[in-house]
Amino acid sequence: MTSTETATAHASGNAATDKFKSERVSADTSPERAAAIYQDVLKAFADVIHKHEVTYDEYRVLKQWVIDVGEYGEWPLWLDVFVEHEIEDVNYSRNALTGTKGSIEGPYYVANSPKLPSTCTMPMTDKDRQATPLVFSGQVVDLDGNGLAGATVELWHADEDGFYSQFAPNLPEWNLRGTIVCDDEGRYEITTLQPAPYQIPHDGPTGWFIESYGGHPWRPAHLHLMVKAPGKRTITTQLYFAGGQWVENDVATATKPELILDPKAGDDGKNHVTYNFTLDPEA
Ligand code: MBD
Ligand code: FE
């Protein structure tokens, strides 16, 4: 993976692109289905072009912007912010799932984070330790509410400045990333820090795009999670915070009412919250 020197859109974009390229990229799409999808994509382009009578100058501006997105490595960012939520939504409905709701993975997941015990503190810097601690506990269960042995909870999130390790400079490789190995009943108690609202990198072509429609680059404070258990469908999701800024107006359209935590401040100076994950059976 490319190490990033600065936290520019260009640097984090290129790191996200390199990471994506190292992952599985294939689908068992039939040629007929692929043809049908491509034809509909072209039809959607044609409809927009005709509806707005798009000019040649506008076409060339589009062409330049598409080139720029690639050169900045921002395709993972742009696609995950503006497209992934629709994919996630369709797949939840199509599979008639009833477990915990998913949300988008986003561009900054890294597989194989170091394993941590069921009661643990996330790897964090001295600076991170100045933030309010969040004690996040709960259980991974099946649809009948039975605790699941062998469950893992992968957690990754940004620090208070909005930086994800491996996509911003000068952070330990696995900062605020870990694979929590739950106990025999699927339980976990994770101490991390209360995350802050987050601005997606916006000094590159994704930022220009947002500016051009008068939008904002903010996501609400969030935790990213991937929850697995033997024989169960893996959930990729995010958790948000009640009353938090941008929860109702997420640039990535990835919040859901079922995914909102309401931590309570404890006498110990830490925020405490419980959330259980219900996993559907494997397909
Ligand atoms: C993020 O942290 C994120 O969660 C998404 C979806 C896009 C960009 C950065
Ligand atoms: Fe994120």
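In every chain, residue numbers begin from 1 and rise along the written sequence. Written order determines the labels here, with chains lettered from A and ligands numbered from 1. Predicted model: local features are reported for residues with pLDDT of at least 70 only, side-chain atom pairs are reported and counted for 80 or more only, and whole-chain, interface and lining totals are derived from all residues. Only heavy atoms go into the side-chain values, all of them from the structure, while hydrogens and water stay out.

Observations concerning a nonpolar patch on the surface
Stage number 1. A surface patch of nonpolar side chains, amounting to about 970 Å² of accessible area, comprises Ile37, Tyr38, Val41, Phe45, Ile49, Val54, Tyr56, Tyr59, Leu62 and Val66.
Stage number 2. Each helix is a run of DSSP H or I of at least 4 residues and each strand a run of E of at least 2, with the numbering of both proceeding from the N terminus. Sort the elements by how many residues they give to the nonpolar patch and helix H2 (residues 31-52) lands first, with five residues.
Stage number 3. Residue classification places Tyr56 among the exposed positions, given a relative accessible area of 62%. Candidates for patches are residues over 30% relative accessible area with no salt bridge; among them, like charges are joined within 9 Å and nonpolar side chains (Val, Leu, Ile, Met, Phe, Trp, Tyr) within 5 Å. Shrake-Rupley sampling with a 1.4 Å probe provides the accessible areas, and residues are treated as covered by the protein chains on show and by no other component. Salt bridge, as used here, is a side-chain nitrogen of Lys or Arg placed within 4 Å of a carboxyl oxygen of Asp or Glu. Accessibility here uses a 1.4 Å probe with only protein chains present; expressed as a share of the type maximum, an area under 20% marks a residue as buried, one over 50% as exposed, and anything in between as partly exposed.

Topic: the sheet that holds strand S5 (residues 177-181)
Stage number 1. Sheet architecture is open: six strands sit in the order S1-S5-S4-S9-S10-S11, paired in mixed fashion. Looking at strand neighbours, the two that pair on one side only are strand S1 (115-116) and strand S11 (260-261), the edges of this open sheet.
Stage number 2. Strand pairing is defined by DSSP finding a minimum of two bridges between the two strands. Here strand S4 (residues 152-156) runs beside S5; their pairing, made up of five bridges, is antiparallel. Opposite Val153, over in S5, you have Ile180 as the bridge partner.

Some points on the site of ligand 1
Stage number 1. Throughout, near means a residue has at least one heavy atom within 4 Å of the molecule or strand. Near ligand 1 the following residues occur: Leu77, Val81, Ile104, Gly106, Pro107, Tyr108, Tyr164, Tyr198, Ile200, Arg219, His222 and His224.
Stage number 2. At 2.9 Å from an oxygen atom of ligand 1 is found a side-chain nitrogen or oxygen belonging to Arg219.
Stage number 3. His222 has a polar side-chain atom sitting 3.2 Å from an oxygen atom of ligand 1.
Stage number 4. Here ligand 1 has 260 Å² of accessible area as a free molecule, and 100% of this is covered by the chains. Counting of polar contacts relies on pairs of N or O atoms within 3.5 Å, with two restrictions inside protein: one atom must be capable of donating a hydrogen and the other of accepting it, and residues adjacent in sequence are counted only when both atoms are side-chain atoms.

Examining the packing of aromatic side chains
Stage number 1. Ring pairs are drawn from Phe, Tyr and Trp, using the six-membered ring of Trp, whenever the two centres fall within 6.5 Å, and their geometry is named by plane angle: stacked under 30 degrees, edge-to-face over 60, tilted for the rest. Counted according to the given criterion, the structure contains 20 aromatic pairs.
Stage number 2. Ring plane angle 75 degrees and centroid distance 5.7 Å describe the contact between Trp65 and Trp78, whose orientation is recorded as edge-to-face. Of this pair, Trp65 sits in helix H3 (residues 56-71) while Trp78 sits in helix H4 (residues 75-82), and the two are 13 residues apart along the sequence.
Stage number 3. Taking the relative accessible area as the measure of exposure, Trp78 reaches 15% and is therefore buried.
Stage number 4. Ring plane angle 65 degrees and centroid distance 5.3 Å describe the contact between Tyr275 and Phe277, whose orientation is recorded as edge-to-face. Phe277 matches Tyr275 in its accessibility class, with the two residues each being buried.
Stage number 5. An aromatic cluster of three or more residues is present, and its members are Trp65, Trp75, Trp78, Phe82, Phe209 and Tyr213.
Stage number 6. Whether a charge sits over a ring depends on NZ of Lys or CZ of Arg being within 6 Å of the ring centre and within 35 degrees of the ring normal. Sitting over the ring of Tyr92, Lys256 keeps its end group 5.8 Å from the ring centre.

A few points about the coordination of the iron ion (ligand 2)
Stage number 1. Nitrogen, oxygen and sulfur within 2.8 Å of a metal are treated as its donors, or within 3.2 Å for sodium, potassium and calcium (Na, K, Ca); water is not counted, so a site can appear incomplete. Protein ligation of the iron ion (ligand 2) involves Tyr164 (OH), His222 (NE2) and His224 (NE2), the donor distances falling in the range 1.9 to 2.1 Å.
Stage number 2. Read N to C, the donor residues that coordinate the iron ion (ligand 2) are spaced as Y-x57-H-x1-H. Of the two residues, Tyr164 sits in the loop between S4 and S5 while His224 sits in strand S9 (residues 223-228), which places them 60 residues apart along the sequence. For the residue pair Tyr164 and His224, the accessibility class agrees, reading buried in each case.

Section: the packing of H4 against helix H6 (residues 205-212)
Stage number 1. Their axes nearest at 9 Å, the elements H4 and H6 cross at an angle of 40 degrees. Contacts from Leu77, Trp78 and Phe82 of H4 reach H6 at Thr206, Phe209 and Ile210.
Stage number 2. Residue type decides the class: Asp, Glu, Lys and Arg count as charged, Ala, Val, Leu, Ile, Met, Phe, Trp, Tyr, Cys and Pro as nonpolar, and the leftover types, Gly among them, as polar. Across the contact of H4 with H6, the residue classes break down as five nonpolar, one polar and no charged. Working convention: axes come from line fits to C-alpha atoms, limited for helices to the stretch in contact. Angles between N-to-C directions cover 0 to 180 degrees. Should any heavy atoms of two residues lie within 4.5 Å, those residues are counted as being in contact.

Overview of the UniProt feature "domain: Intradiol ring-cleavage dioxygenases" (unreviewed entry) in the chain
Stage number 1. UniProt positions are given in the numbering used here, feature names are shortened, and annotations may be inferred rather than shown by experiment. UniProt feature "domain: Intradiol ring-cleavage dioxygenases" (unreviewed entry): in the numbering of this structure it lies at residues 136-164.
Stage number 2. The distance from the first to the last C-alpha atom of residues 136-164 is 19 Å, and the span holds 0% helix and 38% strand.

Brief notes about the pairing of S5
Looking down a regular strand, the side chains alternate between one sheet face and the other.
Stage number 1. Within S5, four of the five residues are buried, which leaves the element mostly enclosed by the surrounding structure.
Stage number 2. Here S1 runs beside S5; their pairing, made up of two bridges, is parallel. Counterpart to Lys115 in the pairing with S5 is Thr179.

Topic: H6
Stage number 1. For H6, the complete set of buried residues consists of Pro205, Thr206, Gly207 and Ile210.
Stage number 2. Residues of H6 that are buried sit in contact with H3 and H4.
Stage number 3. Immediately beyond the C-terminal end of H6, within one or two residues, lies Gly214, with a positive phi of roughly 75 degrees.

Description of the confidence of the model for the chain
Stage number 1. Considering every residue of the chain, the mean pLDDT works out to 95; 98% of them sit at 70 or more.
Stage number 2. Each residue carries a pLDDT value, the predictor's own confidence for that position, ranging from 0 to 100. Confidence drops under pLDDT 50 across residues 1-5; counting only partners more than four residues distant or on other chains, this segment forms 13 contacts.

Brief notes about H3
Stage number 1. Compared with the 22 Å implied by 1.5 Å per residue over 16 residues, the 23 Å span of H3 between its first and last C-alpha is a close match.
Stage number 2. Buried within H3 we find Trp65, Asp68 and Val69. The buried residues of H3 occupy an angular sector of 100 degrees when the element is viewed end-on, so they sit on one face. Turned more than 90 degrees away from the buried face of H3 sit Tyr56 and Glu71, all of them exposed.
Stage number 3. One or two residues past the end of H3 sits Gly73, with phi positive at roughly 70 degrees. For a helix, the expected span equals 1.5 Å multiplied by the number of residues minus one. This arc is taken over the directions from the axis of the helix to the C-beta atoms.

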